[in-house]
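Listed below, chain by chain, are the residues.
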Amino acid sequence: QAATWEFHTWNYRGKNPRLFFGFSPARHKSIDDLGLLGSVCYLVPFALLLIEQHPSITESWLLNLQLFDSHDNAKGFRQSGNSWVLESVKRRRGSNLGQQIVILNEVSRSLVENLILYTNEARDWLRKQGSDDWRYLFLSSATGFSKPIKVERIYTTASPPMCKSSLVETL
């Protein structure tokens, strides 16, 4: 199953990915078993922990955070002197966006690096498909097997039932 996923990723044939990858219909752990990119709910702990470390960060700022510019140059997560920084924009009144640079501490740098690792396979796939979404930090897949996309909203445990996973509830 893992080798089949490695070969096909989100380019699998057919309409039923669980059958294509050989998972039993009664078993719903295939996303976790393969370590697939999950729904936006799997990103909630990253978002909350980043905001805990840097309270000036907002949902809008996180969702607008681009790791790369359109020419594949590092943009949103980079080293500046002896520090690592995140740079993004948050919505201001009207149509203006306000640039904000956050100097990361050891914990927040580790969170960002792990989030990049978690979304890396999706980022590579999106880039090969010609989608501009690959440049953003927050990527998700509705079911793990559905095509990855840029996250438009970060749900909390008080949000729709889809975020009532044991992963999020442990927070």
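Here, residues in each chain are numbered from 1, in the same order as that chain's written sequence. Note on the predicted model: pLDDT of at least 70 is required for a residue's local features to be given, and 80 or more for side-chain atom pairs to be given and counted; whole-chain, interface and lining totals, by contrast, use all residues. Only hydrogens and water are removed before side-chain values are computed, so all heavy atoms of the structure are retained for them.

## Quick notes on the overall build of the protein chain
Check the secondary structure of the protein chain and you find 7 helices and 5 strands. From first element to last, N terminus to C terminus, the protein chain shows the α and β order α-α-α-α-α-β-β-β-α-β-β-α. Classification of residues uses two cut-offs on accessible area relative to the type maximum, computed with a 1.4 Å probe and protein chains only: under 20% is buried, over 50% is exposed, and between them is partly exposed. Relative to its full complement of 171 residues, the protein chain shows a buried share of 42%. Residue contacts are counted whenever heavy atoms from the two residues lie within 4.5 Å of one another. In the protein chain, of all internal contacts separated by at least 6 residues, the share reaching a separation of at least 24 is 54%. Note on areas: Shrake-Rupley with a 1.4 Å probe; residue coverage comes only from the protein chains shown. When the accessible surface of the protein chain is split by element, carbon and sulfur atoms take 51% of a total near 9,700 Å². Under the scheme used here, helices are H or I runs from DSSP no shorter than 4 residues and strands are E runs no shorter than 2 residues, and both carry numbers assigned from the N terminus.

## With respect to the packing of aromatic side chains
Only the six-membered ring of Trp is used, alongside the rings of Phe and Tyr, when aromatic pairs are assigned; centres must lie within 6.5 Å, and planes under 30 degrees apart are stacked while those over 60 apart are edge-to-face, with the rest tilted. For the structure shown, the criterion picks out 3 aromatic pairs. The positively charged end of Lys150 is found above the aromatic ring belonging to Tyr136, 4.6 Å away from the centroid. We count a charge as sitting over a ring when the NZ of a lysine or the CZ of an arginine lies within 6 Å of the ring centre and within 35 degrees of the ring normal.

## With respect to unusual backbone geometry
Positive phi is not limited to glycine here, since Asp72 has a value of about 70°. Checked against the element boundaries, Asp72 lands in the loop between helix 5 (59–63) and strand 1 (77–80).

## Remarks on the side chain of Gln100
Along the chain, the position of Gln100 falls in strand 3 (residues 97–103). Polar side-chain contacts of Gln100 include one of 2.9 Å to the side chain of Ser56. With residues near it in sequence (within four places) discarded, Gln100 still touches Ser56, Trp61, Leu86, Glu87, Ser88 and Lys90. The term polar contact refers here to a pair of N or O atoms within 3.5 Å; inside protein, the definition further demands a hydrogen-donor-capable atom paired with an acceptor-capable atom, and it admits residues adjacent in sequence only when both atoms are side-chain atoms.

## As for the pattern of salt bridges
The rule for a salt bridge is simple: a side-chain nitrogen of Lys or Arg has to be within 4 Å of a carboxyl oxygen of Asp or Glu. In the structure shown here, the tally under the stated rule is 5 salt bridges. With a closest N to O distance of 3.3 Å, Asp72 and Arg127 form a salt bridge. Of this pair, Asp72 sits in the loop between helix 5 and strand 1 while Arg127 sits in helix 6 (residues 106–129), placing them 55 residues apart in sequence. Overall, Asp72 belongs to the partly exposed group, its relative accessible area being 38%. With a shortest N-O distance of 2.8 Å, Glu87 and Arg78 are connected by a salt bridge.

## Topic: the side chain of Ser88
Along the chain, the position of Ser88 falls in strand 2 (residues 83–91). A distance of 2.7 Å separates a polar atom in the side chain of Ser88 from the backbone oxygen of Trp61. In contact with Ser88, not counting residues within four places along its chain, are Trp61, Asn64, Leu65, Gly98, Gln99 and Gln100.

## Let's talk about the environment of Ser140
You can see Ser140 is positioned in strand 4 (residues 139–140). Accessibility expressed as a relative area gives 6% for Ser140, which makes it buried. Spatially, the C-alpha atom of Ser140 lies 5.3 Å from that of Val40, the residues being 100 residues apart in sequence. Ignoring sequence-local partners within four residues, the contact set of Ser140 consists of Leu37, Gly38, Ser39, Val40, Leu43, Lys147, Pro148, Ile149 and Val151.

## What about the nonpolar core?
Definition of nonpolar core: a set of buried residues of the types Ala, Val, Leu, Ile, Met, Phe, Trp, Tyr and Cys, connected through side-chain atoms within 4.5 Å. Ranked by size, the top nonpolar core spans 24 residues in total, and within it Leu43, Trp61, Leu62, Leu86, Phe138, Val151 and Ile154 carry the most contacts. For this core, the leading source of residues is helix 4 (residues 44–53), giving 4 residues. Apart from the residues lying within four places of it in its own chain, the contact partners of Trp61 are Leu86, Glu87, Ser88, Val89, Lys90, Gln100 and Val102. Core analysis: the second largest hydrophobic core is formed by 7 residues, Trp10, Leu37, Leu126 and Leu139 among them.

Everything listed is a geometric property; what it means functionally is a separate question.
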